[in-house]
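As a plain string of letters, each chain reads:
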Amino acid sequence: MIICLLVRQQLRSWYLTGLGYRSSPTNSTHFLNGHYVYDSNLVAIDIQQKKFRQLLEKLSKKAILVSPQEAIEKRFQTTRPLVCFTFDDGFEDNLTVVAPVLEEFGLKGIFFVNPAFVGLADSNAATVLRSRYNSEVKKCFLDRAQVKNLSDRGHLVGSHGLTHERLNTEDLIILRNELEESKRQIEEITEVSCELFAYPFGGHHDISRVGLEMALTVYSHTFSGIRSSKLFEFNKRVINRRHFEGNWPCEHINYFLARRCL
């Protein structure tokens, strides 16, 4: 069974690489949604940076890489392929790996964090990742000073909810805690207004109508993570992001973004 799964995964990778080799992102503004370069904190930082740098170098040949402010401002344009990078969950290597490489290219990113877990590391982080994120990755979370550092360097720090709670509820106490309290805590750390929100899990059914309306009121821009060919969701009020990770082949990203439209 495991061998069959590995074979299918390899065949799929070859298939996407072949199709993506000649593909290019559409003339649209694309927001990529990642979490890390490698899923383990045991990989050396310089190796991770090299891998992410190679991805950006290849992607920049097919698209124009832009910072968040430009991407948000031009989110409805259809004349050029623009690509912006966002990262969820607030892992420590967002600062040590991702941010420095983005800055080498003159770019900034959006980093969506869960304030309740800022500063967790090792076994404490692993317990939270397993219970709240359904994840077995080996990561530490950014601490307060590191979140502030990202913000001071010009990156945008957004909210991913307070505790990574699935927001498919109409309970106003839960929603206010996840949406309003997370915003307050991020602003306390960064000393900058928090205007961006990416709801946890990111699917169509991971946020209720009440939760969505509250998010659109509390924040200037709300982001999903729906795997769709569309660039926007919920009557174009929510910006849709395309999932990737920093060690993916560029051809795979080219293929997925070549299929996206308004």
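Note: the structure precedes this text.
This section reports on the structure supplied with the text. In this text the structure is predicted, and so the values were computed from the model without any measurement. (Residues numbered from 1 in each chain as written. Predicted model: local features only at pLDDT ≥ 70, side-chain atom pairs only at ≥ 80, totals over all residues. Heavy atoms only, no water.)

1. Brief notes about the pattern of salt bridges
Within the structure shown, the criterion is met by 17 salt bridges. R80 is the partner of E70 in a salt bridge, and the nearest nitrogen-oxygen pair spans 3.8 Å. One end of the pair, E70, is in helix 3 (residues 68–73); the other, R80, is in the loop between helix 3 and strand 3 (82–88), with ten residues separating them in the sequence. Looking at R80, the relative accessible area reads 32%, which means it is partly exposed. Between K230 and E233 there is a salt bridge, with its nearest N and O atoms 3.8 Å apart. For K230, a relative accessible area of 38% translates into the label partly exposed. (Salt bridge = Lys/Arg side-chain N within 4 Å of Asp/Glu carboxyl O. Helix = DSSP H or I, 4+ residues; strand = E, 2+ residues; numbered from the N terminus. Buried < 20%, exposed > 50% of the residue type's maximum accessible area, 1.4 Å probe, protein only.)

2. Side note on the side chain of S28
Note that S28 resides in the loop between helix 1 (2–21) and strand 1 (29–34). S28 sits in the buried class, given a relative accessible area of 4%. In contact with S28, other than residues within four places in its own chain, are Q77, R80, P81, L82, L231 and R260. (Contact = heavy atoms within 4.5 Å.)

3. Looking at unusual backbone geometry
Despite not being glycine, D89 shows a phi value in the positive range, around 85°. Within the secondary structure, D89 sits in the loop between strand 3 and helix 4 (93–104). Of note, F234 is a non-glycine position whose phi angle comes to about 50°, a positive value. Along the polypeptide, F234 turns up in the loop between strand 8 (232–233) and strand 9 (238–243). The partly exposed category is assigned to F234, whose relative accessible area is 24%.

4. Observations regarding the packing of aromatic side chains
On inspection of all chains with the given rule, the structure shows 16 aromatic pairs. Each residue in the set Y36, F91, F117, Y133 and F141 is aromatic and connected to the rest through ring pairs, giving one cluster. The ring of F256 has R242 sitting right over it, with the charged end atom 3.8 Å from the ring centre. (Phe/Tyr/Trp six-rings, centres within 6.5 Å; stacked < 30°, edge-to-face > 60°. Lys NZ or Arg CZ within 6 Å of the ring centre and 35° of its normal.)

5. A word on the nonpolar core
Burial of nonpolar side chains together is a common tendency in soluble globular proteins. Of all hydrophobic cores here, the largest spans 46 residues; its most connected members are F52 and F85. Elements supplying a minimum of two residues to this core: helix 2 (45–59), strand 3, helix 4, strand 4 (110–113), helix 6 (144–152), helix 7 (172–190), helix 8 (209–218) and helix 9 (250–257). A per-element tally of this core places helix 4 first, with six residues. Not counting residues within four places of it along the chain, the set of residues in contact with F52 comprises V37, F85, F87, V98, V101, L102, F244 and G246. Ranked by size, the runner-up nonpolar core spans 14 residues in total, among them L196, A198, F223 and L231. (Core = buried A, V, L, I, M, F, W, Y, C linked by side-chain atoms within 4.5 Å.)

6. Structural notes on the side chain of E178
Looking at where E178 falls in the secondary structure, it is placed in helix 7. Of the side chains bearing the opposite charge, R132 lies closest to the buried E178, which forms no salt bridge; the N-O distance is 5.2 Å. One polar contact links the side chain of E178 to the main-chain amide nitrogen of L162, over a distance of 2.8 Å. Among residues more than four places away in sequence, those in contact with E178 are S159, G161, L162, T163, H164, E165 and L167. (Lys, Arg positive; Asp, Glu negative; His and termini not counted. Polar contact = N/O pair within 3.5 Å; in protein donor to acceptor, adjacent residues only side chain to side chain.)

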